[in-house]
Amino acid sequence: MPFNDRFLRACRREPVDRTPVWIMRQAGRYLPEYQAIRRELDFLTLCKTPEKAAEVTIQPLDILGVDAAILFSDILIPLEPLGVGVRFEEKKGPVLEAPDLDLARVRALPVPDPVETVPFVLDTIRVLRRELVDRVPLIGFTGAPFTLASYIVEGGTSRDFMKLKRLLFEQPDVAHALLEKLADTVALYLSAQIEAGAQAVQIFDTWAGQLSKRDYATFAGPYVRRVIEQLPREGVPVMHYVNGSASILEEMAALGSDGISLDWRQSLAEARERLGPDVTVQGNLDPATLYLPPEQIEERVAEVLDEAGDAPGHIFNLGHGIFRDTPVPHAQHLVECVHRLSAERHGR
Ligand code: CP3
């Protein structure tokens, strides 16, 4: 089989034989093959062991037949070198411990050199590029400054982001200093991933949809722009994801990425109309639809493909990460449906 470049072609808005598809969180606990490796290694150790991280990155390619691989790691990995303690608890998810944030301390933080502090991420990418040469492209990724700040300030996942919003509004100078530091940290981190061989990158600003349009333009958007501006991105597409982005699409599109990854609450057709032909869109099936019986999954796939229309520049994905109790045959069926139904639409 020749190298499958339909994901990269769709990023560049070139014609494709079938709509490319990959799944956010495609490597993970819904796969028994992943669980088997996790019985031997805890999550952080797995992220820090390149041969094993590469192995779980490849699992969904073999099991589902997706058109891209995404580096197995986590958005919280580059925070440890900033002095933030990170652990993952079975029930609670991530738990972070940051020192007290005052202006002097935040300003004094170094911008960590990824080659020294997270060499395992770069090694995983190098292993993967060797193993994927004749298969599919490799996507690198980072969390965006706002979303990373939310984990640092909240100490984990949050429902209302009370602590973070209190910091934004009561101590905006500290908030901006932190966001700046995070922007420069992840810009260097993502640049190192590109140098190590990542062929596309995705910036996850998962929680930025919690902000009003006005506050997005103050606390989230500008820091994503600051990251994108620093990337050595010749030929490396940049995708940008926010969960709950319907009200800020135009603002996101103005930040310099090549494409926008959409959640399921907005109409893909409407989003394409608002964004115009020069932006690639990715998405946007509700991850919960994978609980439906297979025939209904097929109908939902057809609806997304219809909404995406004939213009080039659509990558099929879920609107957020796949759920941990998703039936694997349903995920396999999803990928098969995207390929089969889109081949008819692309006229082959
Ligand atoms: O397959 C892939 O998509 C690549 C690997 C990947 C992981 N996390 C692995 C992971 C990626 C791209 C991420 C991104 C990530 N991590 C985001 C942004 C995307 C999104 O889903 O919104 C966020 C917000 C996180 C933070 C995070 N990491 C949480 C909230 C959790 C716990 C909840 C959960 O889903 O498990 C994690 C842990 C995590 N990251 C796991 C995996 C496979 C589960 C760890 C385990 O095996 O127990």
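Residues numbered from 1 in each chain as written. Predicted model: local features only at pLDDT ≥ 70, side-chain atom pairs only at ≥ 80, totals over all residues. Heavy atoms only, no water.

Moving on: the site of the ligand. For the ligand, the set of nearby residues contains 21 residues, the closest of which are Arg29, Tyr34, Arg38, Asp74 and His320. One of the side-chain N or O atoms of arginine 25 is found 2.8 Å from an oxygen atom in the ligand. Alanine 27 places a main-chain nitrogen or oxygen 3.0 Å from an oxygen atom of the ligand. Coverage of the ligand by the protein chains reaches 89% of its 880 Å² of free accessible surface. Partitioning the shell around the ligand into residue classes produces 12 nonpolar, five polar and four charged. (Near = heavy atom within 4 Å. Polar contact = N/O pair within 3.5 Å; in protein donor to acceptor, adjacent residues only side chain to side chain. Areas by Shrake-Rupley, 256 points an atom, 1.4 Å probe, with all protein chains shown as cover. Nonpolar A, V, L, I, M, F, W, Y, C, P; charged D, E, K, R; others polar.)

Along the chain, proline 294 turns up in helix 15 (residues 294-308). Along the primary structure proline 294 and proline 232 are separated by 62 residues, whereas in three dimensions their C-alpha atoms are 42 Å apart. Beyond its immediate sequence surroundings of up to four residues, proline 294 is in contact with His330 and His333. (Helix = DSSP H or I, 4+ residues; strand = E, 2+ residues; numbered from the N terminus. Contact = heavy atoms within 4.5 Å.)

We now examine the environment of lysine 92. Here lysine 92 lies in the loop between strand 2 (85-89) and strand 3 (93-97). As a C-alpha pair, lysine 92 and threonine 157 span 65 residues in sequence and 8.4 Å in three-dimensional space.

Inspection of every chain in the model, using the stated rule, returns eight aromatic pairs. Centroid distance tyrosine 34 to phenylalanine 72: 5.7 Å. Interplanar angle 50°. Geometry classified as tilted. Here phenylalanine 72 lies in the loop between strand 1 (69-70) and strand 2 and tyrosine 34 lies in helix 2 (residues 32-38), a separation of 38 residues in the sequence. Look at tyrosine 34 and you get buried, because its relative accessible area is 4%. Residue phenylalanine 72 is classed as buried on the basis of its relative accessible area of 6%. Measuring from centroid to centroid gives 6.1 Å for phenylalanine 204 and tyrosine 241, while their planes differ by 70°, and the two rings are edge-to-face. (Phe/Tyr/Trp six-rings, centres within 6.5 Å; stacked < 30°, edge-to-face > 60°. Buried < 20%, exposed > 50% of the residue type's maximum accessible area, 1.4 Å probe, protein only.)

The next subject is the packing of helix 15 against helix 16 (residues 328-345). Direction vectors running N to C along helix 15 and helix 16 enclose 45°, while the axes themselves pass 9 Å from each other. Considering the angle they form, helix 15 stands oblique to helix 16. Crossing of helix 15 against helix 16: the hand is right-handed. Within the contact between the two elements, helix 15 uses Pro294, Ile297, Glu298, Val301, Ala302, Leu305 and Asp306 and helix 16 uses His330, His333, Leu334, Cys337, Val338, Arg340, Leu341, Ser342 and Arg345. Looking at the contact of helix 15 with helix 16 residue by residue, the classes come out as nine nonpolar, three polar and four charged. (Axes fitted to C-alpha atoms, helices over the stretch in contact; angles between N-to-C directions. Parallel < 35°, antiparallel > 145°, perpendicular 65-115°, else oblique. Left-handed = near helix turned anticlockwise from the far one by under 90°.)

In terms of burial, strand 8 (residues 280-285) is largely enclosed, as six of its six residues are buried. On the question of chirality, the crossover connecting strand 7 (residues 259-261) to the parallel strand 8 by way of helix 14 (residues 268-275) is right-handed. Looking at chain direction, strand 8 and strand 9 (residues 314-318) are connected through five bridges and run parallel. Following the sheet pairing, asparagine 284 is matched in strand 9 by asparagine 317. (Right-handed = clockwise from strand over helix to strand, strands pointing away. Pairing = 2+ DSSP bridges.)

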